[in-house]
Amino acid sequence: MTVMTAAAIEDFLDEIFPQRTGTIEGVDHMRATMSLAIEDEHLRPGASVSGPTLMGLADVCLYVAILAQIGPEPMAVTSDLHCRFLRRPRGDRDVIANARIMKLGRRLAVGEVQLFSAGDEAPVALVTATYVLPDND
């Protein structure tokens, strides 16, 4: 069960984080899916999607999954992010991010995000990240 819908999260992010990348495709219990339409600014030489683009989308996607569980919290922040690049992300396709929260505690949320070139079954990158949640006591 989620406490925020995808539309509510989009509205919240429009207010507090308008420079984010990606579009929310859906949220579910402990999960979120986002997509990013690839433009020239996302490409590196060789027509591959750049690492910073992939990491940024993964970071936002995990944040969206967390917001769906805890509600609107602007001060939930990334404390650790590790990216494993697995194969070349195609520059001629959108990127799809699937986030899964592995642990949601009082002060920390830990998750992983798999990133895909649209239409491909094998991920192009695997991101693991930790978010610090504010102490609201």
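Remember, predicted model here, so these are calculated numbers, not experimental data. (Residues numbered from 1 in each chain as written. Predicted model: local features only at pLDDT ≥ 70, side-chain atom pairs only at ≥ 80, totals over all residues. Heavy atoms only, no water.)

The interhelical angle for the contact between helix 1 (residues 6–16) and helix 2 (residues 51–70), taken along N-to-C directions, is 115°, at an axis separation of 11 Å. Once helix 1 is placed against helix 2, the crossing between them reads as right-handed. Counting all contacts with helix 1, which are made through Ile9, Phe12, Leu13 and Ile16, the residues of helix 2 involved are Tyr63, Val64, Leu67 and Ala68. A class-by-class count of the residues in the contact of helix 1 with helix 2 yields eight nonpolar, no polar and no charged. (Axes fitted to C-alpha atoms, helices over the stretch in contact; angles between N-to-C directions. Helix = DSSP H or I, 4+ residues; strand = E, 2+ residues; numbered from the N terminus. Left-handed = near helix turned anticlockwise from the far one by under 90°. Contact = heavy atoms within 4.5 Å. Nonpolar A, V, L, I, M, F, W, Y, C, P; charged D, E, K, R; others polar.)

To continue, consider helix 1. For helix 1, the set of buried residues is Ile9, Glu10, Phe12 and Leu13. Seen along its axis, helix 1 keeps its buried residues to an arc of 165°; they face one direction. Opposite its buried face, helix 1 presents the exposed residues Ala7 and Glu15, each directed more than 90 degrees away. Looking at the buried residues of helix 1, the elements they touch are strand 1 (23–28) and helix 2. (Buried < 20%, exposed > 50% of the residue type's maximum accessible area, 1.4 Å probe, protein only. Arc of directions from axis to C-beta.)

Below, the discussion takes up unusual backbone geometry. The phi torsion at Met30 lies on the positive side, around 65°, for a residue other than glycine. Tracing the backbone through its elements, the reader meets Met30 in the loop between strand 1 and strand 2 (31–36). Positive phi is not limited to glycine here, since Ala47 has a value of about 60°. With respect to the helices and strands, Ala47 occurs in the loop between strand 3 (43–44) and strand 4 (48–49). The partly exposed category is assigned to Ala47, whose relative accessible area is 42%.

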